[in-house]
Amino acid sequence: MRYLLGMLLAMPLLAADFEAGKAEERRACTSCHGLRIIHVQRLPRATWERELTKMEGWGTVIKDRAALLEYLAASYSDTTPPPTPMLSGDGRKK
Ligand code: HEC
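Residues numbered from 1 in each chain as written. Predicted model: local features only at pLDDT ≥ 70, side-chain atom pairs only at ≥ 80, totals over all residues. Heavy atoms only, no water.

**Focus: the packing of helix α3 (residues 45–57) against helix α4 (residues 65–75)**
In step 1: Where α3 meets α4, the closest approach of the two axes is 9 Å, and the angle between their N-to-C directions is 130°. Taken together, the axes of α3 and α4 lie oblique to each other. Here α3 and α4 pass one another in a crossing that is right-handed. Here Arg 45, Trp 48, Glu 49, Leu 52, Thr 53 and Glu 56 of α3 come into contact with α4, specifically with Arg 65, Leu 68, Leu 69, Glu 70, Leu 72 and Ala 73.
In step 2: The class makeup of the residues in the contact of α3 with α4 is six nonpolar, one polar and five charged. (Axes fitted to C-alpha atoms, helices over the stretch in contact; angles between N-to-C directions. Helix = DSSP H or I, 4+ residues; strand = E, 2+ residues; numbered from the N terminus. Parallel < 35°, antiparallel > 145°, perpendicular 65-115°, else oblique. Left-handed = near helix turned anticlockwise from the far one by under 90°. Contact = heavy atoms within 4.5 Å. Nonpolar A, V, L, I, M, F, W, Y, C, P; charged D, E, K, R; others polar.)

**Considering the coordination of the iron atom of the ligand**
In step 1: Looking at the metal site, the iron atom of the ligand is ligated by His 33 (NE2) and Met 55 (SD), spaced 2.0 to 2.3 Å from it.
In step 2: Its six donor atoms give the iron atom of the ligand angles of 87 to 179° at the centre, a pattern that matches the octahedral case. Taken as a pair, His 33 in the loop between α1 (2–28) and α2 (36–39) and Met 55 in helix α3 lie far apart in primary sequence, 22 residues in all.
In step 3: Judged by its relative accessible area of 19%, Met 55 falls in the buried class. (Donors = N, O, S within 2.8 Å, 3.2 Å for Na, K, Ca; no water. Tetrahedral: all angles 85-135°; square planar, octahedral: opposite > 155°, others 65-115°. Buried < 20%, exposed > 50% of the residue type's maximum accessible area, 1.4 Å probe, protein only.)

**Let's talk about the confidence of the model for the protein chain**
In step 1: Chain-level statistics for the protein chain give a pLDDT mean of 89 and a share of 85% at 70 or above.
In step 2: Within the protein chain, α1 has the poorest average pLDDT of any element, 79, and α3 the best, 98. (pLDDT = per-residue confidence, 0-100.)

**Regarding the environment of Arg 45**
In step 1: Checked against the element boundaries, Arg 45 lands in helix α3.
In step 2: Considered as a pair, Arg 45 and Ala 74 are 29 residues apart in the sequence and their alpha carbons are 8.4 Å apart.
In step 3: With residues near it in sequence (within four places) discarded, Arg 45 still touches Leu 69, Glu 70 and Ala 73.
In step 4: Among the polar contacts listed, one links the side chain of Arg 45 to the side chain of Glu 70, at a separation of 3.0 Å. (Polar contact = N/O pair within 3.5 Å; in protein donor to acceptor, adjacent residues only side chain to side chain.)

**Let's talk about the site of the ligand**
In step 1: Inspection of the region around the ligand gives 16 residues, with Cys 29, Cys 32, His 33, Glu 51 and Met 55 positioned closest.
In step 2: At 2.5 Å, a side-chain N or O of Glu 51 approaches an oxygen atom of the ligand.
In step 3: Interatomic distance of 2.6 Å between a side-chain N/O atom of Lys 54 and an oxygen atom of the ligand.
In step 4: If you list the elements that add at least two residues to the shell around the ligand, you get α2 and α3.
In step 5: Per-element tally for the shell around the ligand: the top contributor is α3, with four residues.
In step 6: Of the residues contributing to the shell around the ligand, the split by class is ten nonpolar, four polar and two charged. (Near = heavy atom within 4 Å.)

Rendered as structure tokens:
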């Protein structure tokens, strides 16, 4: 019961973190490239961590790193199904 209550209380917090991560992505990650290059990745958390450090090395300023990492690791992990391709097999747009 206590566990359930804890989960219920934590849910809005998790949702808030997710939205904060998404907002941070829009703010910090779209000045050099689009979102698709990010959203087609399927990476474990540790690799996302390295990816953020790599982007910082190129000048990206990340303010809410924890929320961004949470959002990326939850949305584009190596267990997430692969993205739909933008082009069909014959190279035409879908
Ligand atoms: C200062 C410019 C810049 C910003 C801002 C930036 N990136 Fe990048 N990013 C690049 C460049 C340049 C590449 C492609 C270069 C390469 O790796 O060959 C890239 C490629 C990527 C890739 C493809 C994999 C890879 O490493 O090449 C991912 C994923 C990525 N960026 C994530 C992010 C995320 C997440 C953010 C926000 C935290 C971000 N980027 C912000 C410059 C930037």
